[in-house]
2 protein chains.
Amino acid sequence: MTSDVQNVAKALASISDHWQPRRLTSINNYDLKVVKIKGEFVWHTHPDTDELFMVLDGELTIQLRDRDVVLGPNDVFVVPRGVEHCPKAAAEVSALLIEPKGTVNTGDAGGDMTAELQELIL
Amino acid sequence: MTSDVQNVAKALASISDHWQPRRLTSINNYDLKVVKIKGEFVWHTHPDTDELFMVLDGELTIQLRDRDVVLGPNDVFVVPRGVEHCPKAAAEVSALLIEPKGTVNTGDAGGDMTAELQELIL
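What you see is a predicted model; the values in this text were computed from it and never measured.

Cut-offs applied
- Residues numbered from 1 in each chain as written.
- Chains lettered and ligands numbered in written order.
- Predicted model: local features only at pLDDT ≥ 70, side-chain atom pairs only at ≥ 80, totals over all residues.
- Least-squares fit on C-alpha atoms with pLDDT ≥ 70 in both.
- Contact = placed C-beta atoms within 7 Å.
- Helix = DSSP H or I, 4+ residues; strand = E, 2+ residues; numbered from the N terminus.
- Nonpolar A, V, L, I, M, F, W, Y, C, P; charged D, E, K, R; others polar.
- Pairing = 2+ DSSP bridges.
- Core = buried A, V, L, I, M, F, W, Y, C linked by C-beta atoms within 7 Å.
- Buried ≥ 20, exposed ≤ 12 C-beta atoms within 10 Å, placed from the backbone.

Our focus in this paragraph is the relation of the copies chain A and chain B. Once chain A is rotated about the relating axis by 180° and shifted along it by 0.0 Å, it coincides with chain B to within an RMSD of 0.0 Å. The operation mapping one copy onto its partner corresponds to a two-fold rotation axis. In this assembly the copies share their binding face: 96% of the residues contributing to the interface of chain A also contribute to that of chain B.

As structure tokens, this is what we get:
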């Protein structure tokens with residue numbers, strides 16, 4: 001029997017790529033995802049949903065058009081729906097994301113960094 | 001100007017009571033809450049929603065009618081909607097909760113342990 005308990009640290013240890021969120025679990029129609037981040041993403045917007053970032057390790061900058069939001073470990077920030085943003089990290093960051101199922105990582109921007117949501121392989 | 005970045009560790013440091021969830025932030029119509037837990041709660045069910053627990057510190061047992069789910073730091077467990085459960089912790093636990101807005105902590109059980117959702121005062 002597989003366990004229905006997931007461990008965030010174990011999940012992160014299984015990830016070696018960047019900008020490829022994995023689904024840890026779901027609550028109703030929302031996914032809790034883990035992701036490793038390094039470098040700069042693309043500017044994009046989620047027109048229909050807020051997006052929650054919680055940094056577990058490292059320093060993540062979420063660039064907004066009018067300011068930078070700098071997040072360290074245990075910091076939580078919600079990008080409101082419709083707000084253009086571009087995450088970047090000079091060194092590797094581990095983070096949790098909460099989003100409705102079906103939210104695409106690049107939002108309305110598309111392009112090469114668009115990732116299919118992957119399941120964890122533990 | 002107040003910051004729209006919340007820190008989970010700082011939020012937990014501001015809490016000295018048990019079974020009184022505080023809203024850290026919201027994503028759409030969901031709340032991310034922090035809570036400290038000690039002792040035994042009441043058996044209850046949320047008929048209309050799943051409930052996510054993520055343990056940050058300590059060991060939390062979520063009693064189900066057919067088994068106990070034991071969670072340590074970084075463990076995540078989702079109690080499916082309609083599943084009767086009763087959390088307990090011998091020593092103090094710090095945890096994150098994710099639930100739809102308006103979810104009552106005691107679900108269908110009511111009683112003395114029912115808590116109004118509180119805002120953080122930092």
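Still more to cover.
The next subject is the interface of chain A and chain B. Listed by partner, the interface residues are 24 residues for chain A and 23 residues for chain B. Broken down by secondary-structure element, the contributors of at least two residues to the side of chain A that touches chain B are strand 1 (6-7), helix 1 (8-13), strand 2 (22-27), strand 3 (30-40), strand 6 (68-71) and strand 7 (75-79) of chain A. Taken together, the residues of the side of chain A that touches chain B break down into 14 nonpolar, seven polar and three charged. Bridging between strand 1 of chain A and strand 7 (residues 75-79) of chain B involves two bridges; their strand directions are antiparallel. Within strand 7 of chain B, the position partnered with Gln6(A) by the bridge is Val76(B).

The tendency in soluble globular proteins is for nonpolar side chains to be buried as a group. Residues Phe53(A), Ala95(A), Phe53(B) and Ala95(B) are the most contacted members of the largest nonpolar core, which totals 55 residues. Beyond its immediate chain neighbours, meaning those up to four positions away, Phe53(A) contacts Leu60(A), Ile62(A), Leu71(A), Phe77(A), Ala95(A) and Leu97(A).

Another point: the environment of Trp19(B). All names here are of chain B. Its location among the elements puts Trp19 in the loop between helix 1 (8-13) and strand 2 (22-27). Classification of Trp19 by C-beta neighbours within 10 Å gives partly exposed; the count is 18. Those residues in contact with Trp19 that lie beyond four places of it in its chain are Ile37, Phe41, Asn105, Met113 and Ala115.

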